[in-house]
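# Descriptive structure summary
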Amino acid sequence: MSSAFLRLHQASLTINTQSILAPLSFSVNKGDFVGIIGPNGAGKSSLLKLINGTMALSSGDIVLQQRSLAKMSGRQRAMKIASVSQVSPPIFALTVYQIAAMGLLPHKGWFDSNTSVDEQHIKLALTQLGLWQKAQAVVETLSGGELQRLYLARALVQQADLLLLDEPTNHLDVLYQHQILQLSRKLGKTVLACLHDLNLAARYCDKIALLHQGQLLTFGSPEQVLTSEQLSRVFQLPCDVTVHPRHGKLQVTFFATEMAL
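Owing to the predicted nature of the structure, the values given are computational and were not obtained by experimental measurement.

## Let's talk about the sheet that holds strand E9 (residues 207-212)
With respect to topology, six strands assemble into an open sheet ordered E6-E7-E8-E3-E9-E10, the strand pairing being mixed. The open sheet has two edge strands with one neighbour each: strand E6 (81-84) and strand E10 (215-220). Geometrically, the sheet is characterised by an average inter-axis angle of 15° between neighbouring strands, direction not taken into account. Each of E6 and strand E7 (162-166) is contacted by helix H5 (residues 144-158), which is oriented at about 170° to E6, the strand it contacts most.

In structure tokens:
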């Protein structure tokens, strides 16, 4: 049996006879930061939904820590997997502390109250993400970057080993984009992140999965995946892939051509 932390084996998704994700397989080691890239409609978010249980597999299997996710209850899965979606303020006027405390829900019964250990977990998570001083602030007062950090704090409180990020940098300023990804790398979690920005993927990811039209075209290191030939074919624009002179990571530059309207 594979000792990989997370293993997808011929995992697929079909909805109303339409193939959303063709059978795909890859393995992720503990502590890896894995980027999922591809054009709109490639199946990136659907892949995360298969892993977190929002959608059910049509075939194949997903194994986390040598246990099939299909054999886990929703609560068991929530204790192992935390998800952070794109920035969206909660509907109700809750405080930063209250949102972070929601990470405890998978560990609690209906009438369980928070313990002193729970309170310490919440404080530690908010402190790690620079939000403890705003613990009593109403969430609506936070900036986009602060709100995304808060959702990461909630994931920390959840104490899950696997963190799923669905376009975590969308609608954020450049500073916050780098801040969120740097913080995510430092959390000590295994991370799968859907990313639109290929240069962010090149900068922060250990491995990258390239999806196109519901198929996994390639999975490997940034150097293996981010080639000009593959990216030009998938994104339908010519591009150059070079090494950035300052941080030594790959840099992708697309060249827009005249297109018929």
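Text resumes after the structure shown.
## So, the sheet that holds strand E1 (residues 6-15)
Pairing in this open sheet of four strands is antiparallel, and the strands run E2-E1-E4-E5 from one edge to the other. Lying at the two open borders of the sheet, with one neighbouring strand each, are strand E2 (18-28) and strand E5 (67-68). As defined by bridge partners, strand E4 (residues 59-64) adjoins E5 across two bridges and the pair is classed as antiparallel. Across the sheet, residue leucine 64 finds its bridge partner in E5, namely arginine 67.

## Some remarks on the pattern of salt bridges
Taken as a whole and assessed by the stated rule, the structure comprises two salt bridges. Glutamate 146 serves as the salt-bridge partner of lysine 134, at 2.6 Å between the closest nitrogen and oxygen. Highlighted residues: lysine 134 in the loop between helix H4 (116-128) and H5 and glutamate 146 in helix H5, separated in sequence by twelve residues. Taking the relative accessible area as the measure of exposure, lysine 134 reaches 32% and is therefore partly exposed. Measuring nitrogen to oxygen at the nearest pair gives 3.5 Å for the salt bridge that ties arginine 185 to aspartate 206. Here arginine 185 is found in helix H6 (residues 174-186), whereas its partner aspartate 206 is found in the loop between helix H7 (198-204) and E9, with 21 residues between them in sequence. Judged by relative accessible area, which is 39%, arginine 185 ranks as partly exposed.

## A short note on the pairing of strand E8 (residues 190-194)
Most of E8 sits out of view: five of its five residues are buried. The side-chain alternation of E8 yields two buried faces, one formed by Thr190, Leu192 and Cys194 and the other by Val191 and Ala193. By the bridge criterion, four bridges tie strand E3 (residues 33-37) to E8 in an arrangement that is parallel. Looking at the pairing, glycine 35 lines up with alanine 193 of E8.

Here is what the cut-offs are and how they apply
Residues numbered from 1 in each chain as written. Predicted model: local features only at pLDDT ≥ 70, side-chain atom pairs only at ≥ 80, totals over all residues. Heavy atoms only, no water. Pairing = 2+ DSSP bridges. Helix = DSSP H or I, 4+ residues; strand = E, 2+ residues; numbered from the N terminus. Axes fitted to C-alpha atoms, helices over the stretch in contact; angles between N-to-C directions. Contact = heavy atoms within 4.5 Å. Salt bridge = Lys/Arg side-chain N within 4 Å of Asp/Glu carboxyl O. Buried < 20%, exposed > 50% of the residue type's maximum accessible area, 1.4 Å probe, protein only.

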